[in-house]
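One-letter residues, chain by chain:
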Amino acid sequence: MGPPSAPGPGRPGPGGAIPTSAPEAGGTEGEISGMWGLIPLHSRAIRPDSVRDDVDGVSSSDEAAGARRRGGLQPGPAAKAGGGATGTLLDTLRVAVVMLDTSGRVLLWSPLAEEMLGWAGEHIVGRRVSGLFDQGDVSGGAGARRMAAVPAPGRAERILADLLRTGRWDGILSLRHRDGHSVQVEARASLLVDGDGRPFVLASVAETSRLRTLEHDLAALDALYDSSPLGVAVFDTELRYVRVNEALARMNGLTAAEHIGRTVSEIVEPDMAEELTTLQLAVLATGRPVIDLMMLAPRGLGHRSLSYHRLEDRAGQVLGISATVMDVTERQEAAEKVERARSRLALLNDVGARIGGLLDVHRGAEELARALVPRFSDYSGVILHAAVADGGELPTVQYSESTPMRQLGVGAIRQGPEVDRMIKLGSVISFTRKSIFGTVLATGRPQLVENDEQLLATTFPGDPKVRATMELGIHSLLVLPLRARGVVLGLLVVSRADGREPFDRDDLALAMELADRAGSGLDNARLYVREREGALMLQRSLLPQTVPQPPGVEVAFRYVPGSVGTEVGGDWFDVIQLAGGRVAFVVGDVMGHGLGAAATMGRLRTAVRTLAGLDMPPHELLRRVNDLGDDLAQGQDETWMATVVYAVYDPSTRRCTLAKAGHLPPVLVYPGVESGFAGCGATLLELPSGAPLGVGGVEFESVELDVPDGTVLVLYTDGLVEARGEDITDGLDRLSAVLCRPFSSLEDACDDLLSAMVPGREPDDVALLMARLGGLPEGSTASWTFPAEPSAVRRARRHVRETLADWHLEPLTDVTVLLVSELVTNSLRYAHGPIGVRMVRGSSLLVEVSDPLPDPPLERVATEEDEGGRGLQLVARASRRWGTRHGTLGKTVWFELAMPPGMSGT
């Protein structure tokens, strides 16, 4: 697009000069000069003949003055800011105003026209407007379309002629910007007459790009407003409806016209209107929007999502608020279904978690009943077959009126006499075969009780439990079978009272899922109880039921199996009476739990008892047990480990010899001046630890101690001192502190020790053995040493006979003298050194004969012709038991004789 075709004199502007052709017909300078009174004072036009053709080099002050002289309006603050943020719709459209005389000369050129086309007022005013026309097309009325091929100057004259003829013209023009590019504008011009009757043309011009953008925006807004499925409304500052679309009108059940001019208080219920008005006032006052607020629809028919925004014009003036309303009934219903499904899954998971880890039928039933209240029901009860409750076999016969059923679990939202009558823990449940309970037990299918008639048929006529149920206002009941492996174990009964919706089919399906899971969990607990009881029975059968009470020693013991939920362990203890009035104390712990650990414990206990009869030192006994190795394991490929402490006490010498294999240290409690344990000092014996049995490659070592009378030896397993989250040394310190309390007896000491050491926690197996160590009663022993000469036999017989007479044991004199003679004779024959004879009176008569020869005597079979070789045979047949043990300086052969009836050795 080129510049105007006839540039005038003077230097051209940036985009060329406005043409300066002479006035044409239709207007004179006199006519123009008579129009000055029409122009506002701040935009007075200047006579055309005074317009300067050369506008270059004008200073800013001269330009401003020239603008005032020539009709160029001074721009306002917004225009000076360069067209920044504007306040009104007119600012957005930016409509320029141009005033022409009837010959087409410019009389007035607004600042917006200058911004639009780049021409300043002093360049334009007094010039013909035709110089601005581009060579492009003209659109408008029919006359405008005919001028499409007319040159630019001709088009301007034709438009002006149409305007003067019709009084108005509108259309689209292509005008030339000062920098040379075309600007499409839409123009509207009117022929007006001033107060003196002189005509002039007033035109408004706007860029088509801005108009089209605004038109598109308005069209899109109208389309969205009218076709949107969302309800849309506009309120004024008085919160009256100004505009409402059809979607919102349908939601409210009124026409759009019936909303206009009203407030929400005239459209919806008072309670809802009050809440909505409060929200609208807050949005109007603060400008903070409300987004996606969920509310009930009018009359409670569904749910709505509301959003409010404050409306402001471009200048920031508040116009009102807008509202967007969405019918979210389906979404809310879907969300509620999802929430119900989530809640049901959560309930299933919670119930499974609460009863899945419980390995006790009673606790599982209680947890199941409590887990359902109040989340699923108001009252709940778990009823089980008595055999299932006790860990017995599954029911194999048909349920009948005589089937023992027990209430093992209850749950209730409140307590009271009626609740106790309806569901009392531990009560016996009776029913008839044709009742609902009997039907569910027989068929394994659930029943939904929905009315009083069905409720009366729940158990049996006149059942006080049913009467209590009705008194509690229960109106809906579910009776569900608890099943496992196709067998009904019992019933799960849940109910809802007044104020709560009755159970429906969805609830029934959920309850059956709960019952099936619970049935499997209870059956697992039953199986565990049965296995655990079997393991405990095996373990108890392997443990000593009574322990010997040898002279000079008082013994008390306790064995506590692990609490419910833990498997039976391999803890054990034993008290073994040895020859010579000595006694052995053993406490051990096989690693692991279950039947395997119990069986290994039994084999280990047998091995220790067998080797203890050989009278070997504690460390030697542990070594031999450890050497058994694979014989004690359950299988060739399985390993085993056990910790053991083994102690031997001799009351006659008051010496105690101990050794341990990886076990916790024994405790010696030394008595004070007072009786019992008062004033005592408990000492942990730091013995050589050794490795647990079954490890191998580690030597064991014995420690020998002299103990004063009344000292208490305490042996125990780790279940007594171990606690979760606590260091083992804390438990040992606590054990020592408890043992220093005064106790009236060892039996009380055992009980108090268990209650103090394991309060409120679930311990592992505990084996506890306490022994008060003392000496033999005065005059209970007698001993002699004879030289290895023939007179030793005669002297030994004399001393034995005299001692038995002093002890009033004359009935034992002949057999005792005979056996002592045989043993002393053997020592004379094979040993070379002093011969010792010792007698101990206790629960039996013990006789020992020792010599320096380490080799044990050999019992041989003598023929009829042999004159000797019958000594040991005679000892074996005449005594209750006999044996040989090794000592530090040789061997000892001993035998025991039972006390005569009615006679006590002490």
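Remember, predicted model here, so these are calculated numbers, not experimental data.

### Comments concerning the overall build of the protein
When you go through the protein residue by residue, the secondary structure sums to 26 helices and 31 strands. Burial analysis of the protein (906 residues in total) assigns 48% to the buried set. The contacts in the protein between residues at least 6 apart in sequence include a share of 63% that link residues at least 24 apart.

### Some words on the nonpolar core
The tendency in soluble globular proteins is for nonpolar side chains to be buried as a group. In this structure, F585, L604, L621 and Y646 are the most contacted members of the largest nonpolar core, which totals 50 residues. No other element matches the seven residues that strand β20 (residues 642–650) contributes to this core. Ranked by size, the runner-up nonpolar core spans 36 residues in total, among them L368, L384, A389 and L408.

### Some details on the pairing of strand β31 (residues 891–898)
Most of β31 sits out of view: seven of its eight residues are buried. Summarising the sheet, strand β29 (residues 844–851) and β31 pair through eight bridges and their orientation is antiparallel. In the sheet register, S844 faces β31, and the bridge partner there is A898. Summarising the sheet, strand β30 (residues 881–886) and β31 pair through six bridges and their orientation is antiparallel. Residue W882 lies in a different strand from β31, and its bridge partner there is F895.

### Things to note about the pattern of salt bridges
If you walk through the whole model with that rule in mind, you get 44 salt bridges. When the shortest N-O distance is used, the salt bridge between D706 and R655 registers 2.1 Å. With D706 in strand β24 (residues 703–706) and R655 in strand β21 (residues 655–661), this residue pair connects regions lying 51 residues apart in the sequence. According to the relative accessible area criterion, D706 is exposed, its value standing at 53%. Because the salt bridges share partners, they merge into one network encompassing R582, D615, R838, E848 and R885.

### With respect to the sheet that holds strand β17 (residues 553–560)
The strand order β17-β26-β25-β22-β23 describes an open sheet built from five strands, whose pairing is antiparallel. Across the chains shown, the open sheet's two edge strands, defined by having one partner strand only, are β17 and β23 (681–684). Shown here is a sheet whose adjacent strand axes are inclined to one another by a mean of 15°, direction ignored. Strands in contact with helix α22 (residues 728–739) are β22 (667–670), β23, β25 (711–716) and β26 (766–773); relative to β23, the strand with the most contacts, it is inclined by about 150°. Here helix α23 (residues 746–757) sits on the sheet and contacts β17, β25 and β26; the angle it forms with β17, its principal contact strand, is near 30°.

### A few points about the pairing of strand β9 (residues 290–296)
Sheet topology note: the β9/strand β10 (residues 303–312) ladder contains five bridges and is antiparallel. Each bridged residue has a counterpart across the sheet, and for M295 the counterpart in β10 is R304. Here β9 folds back onto β10 in antiparallel fashion, the turn holding six residues, of which R299 has a positive phi close to 65°.

### Observations regarding the layout of surface pockets
Of the pockets and cavities examined, the largest pocket occupies roughly 1000 Å³. If you go around the largest pocket, you meet 36 residues; those closest to its centre are D650, R885, H886, G887 and T888. When residues of the lining of the largest pocket are assigned to their parent elements, the largest contribution, four residues, is made by strand β28 (residues 835–841). When the residues that make up the lining of the largest pocket are grouped by side-chain class, the tally is 13 nonpolar, 13 polar and 10 charged.

### A short note on the environment of T729
Along the chain, the position of T729 falls in helix α22. A polar atom in the side chain of T729 sits 2.4 Å from the side chain of D727.

### Considerations on the sheet that holds strand β19 (residues 583–593)
A sheet is described by the order of its strands in space; here five strands give the open sequence β18-β19-β20-β21-β24, paired in antiparallel fashion. Of all strands in the sheet, those bounded by a partner on one side alone are β18 (569–577) and β24. Across this sheet, the average inter-strand angle for adjacent strands is 15°, counted without regard to direction. Along the sheet face, helix α20 (residues 595–612) touches β18, β19 and β20 and points at about 20° away from the line of β18. Packed onto the sheet, helix α21 (residues 618–628) meets β20 and β21 and runs at close to 25° relative to β21.

### Quick word on a nonpolar patch on the surface
Taken together, the side chains of V97, L192 and L202 define a hydrophobic patch exposed on the protein surface, amounting to about 180 Å² of accessible area. Looking at the element boundaries, V97 is found in strand β1 (residues 96–100). Looking at V97, the relative accessible area reads 33%, which means it is partly exposed.

### Focus: empty space enclosed by the protein
As enumerated under the stated definition, the model contains five cavities of 30 Å³ or more in all. Within this model, the largest cavity holds a volume of roughly 240 Å³. In terms of lining, the largest cavity is formed by 19 residues, of which the most central are M422, I423, F437, T469 and V493. The leading source of residues in the lining of the largest cavity is strand β12 (residues 379–385), at four residues.

### Observations regarding the packing of aromatic side chains
If you walk through the whole model with that rule in mind, you get three aromatic pairs. Both rings, one in F235 and one in Y241, keep their centres 4.4 Å apart while their planes meet at 40°; by these two values the pair is tilted. With respect to burial, F235 and Y241 carry one shared label: buried. Of note, R496 hangs over the ring of F376, and the distance from its end group to the ring centre comes to 5.4 Å.

### Brief notes about the environment of G775
Secondary-structure assignment places G775 in the loop between β26 and β27 (781–786). The sequence separation of G775 and G552 amounts to 223 residues, and the corresponding C-alpha distance is 4.8 Å. Contacts of G775, omitting those with residues within four sequence positions, involve G552, Y649, P651, R654 and D709.

### Focus on α23
Taking 1.5 Å per residue, 12 residues should reach 16 Å; α23 reaches 16 Å between its end C-alpha atoms and fits that length. The complete set of buried residues in α23 reads L746, A749, C750, L753, L754, A756 and M757. Looking at the packing, one finds that the buried side of α23 touches β17, β25, α22 and β26.

### Considerations on the confidence of the model for the protein
Segments scoring low in pLDDT should not have their predicted coordinates read at a detailed level. The predicted model of the protein has a mean per-residue pLDDT of 80, with 83% of residues at 70 or higher. This model gives residues 76–86 a pLDDT under 50, and the stretch forms nine contacts once residues within four places in sequence are excluded. Within the model, pLDDT remains below 50 along residues 140–151, and this stretch shows 15 contacts once partners closer than five positions in the same chain are excluded.

Criteria and thresholds
- Residues numbered from 1 in each chain as written.
- Predicted model: local features only at pLDDT ≥ 70, side-chain atom pairs only at ≥ 80, totals over all residues.
- Heavy atoms only, no water.
- Helix = DSSP H or I, 4+ residues; strand = E, 2+ residues; numbered from the N terminus.
- Buried < 20%, exposed > 50% of the residue type's maximum accessible area, 1.4 Å probe, protein only.
- Contact = heavy atoms within 4.5 Å.
- Core = buried A, V, L, I, M, F, W, Y, C linked by side-chain atoms within 4.5 Å.
- Pairing = 2+ DSSP bridges.
- Salt bridge = Lys/Arg side-chain N within 4 Å of Asp/Glu carboxyl O.
- Axes fitted to C-alpha atoms, helices over the stretch in contact; angles between N-to-C directions.
- 1 Å grid on protein atoms, 1.4 Å probe; cavity = no way out; pocket = protein on both sides within 12 Å on 5 of 7 lines; lining within 4 Å.
- Points joined across faces, edges and corners; volume = space filled by probe spheres on them.
- Nonpolar A, V, L, I, M, F, W, Y, C, P; charged D, E, K, R; others polar.
- Polar contact = N/O pair within 3.5 Å; in protein donor to acceptor, adjacent residues only side chain to side chain.
- Patch = residues over 30% accessible without salt bridge, like charges linked within 9 Å, V, L, I, M, F, W, Y side chains within 5 Å.
- Areas by Shrake-Rupley, 256 points an atom, 1.4 Å probe, with all protein chains shown as cover.
- Phe/Tyr/Trp six-rings, centres within 6.5 Å; stacked < 30°, edge-to-face > 60°.
- Lys NZ or Arg CZ within 6 Å of the ring centre and 35° of its normal.
- Expected span 1.5 Å × (residues − 1).
- pLDDT = per-residue confidence, 0-100.

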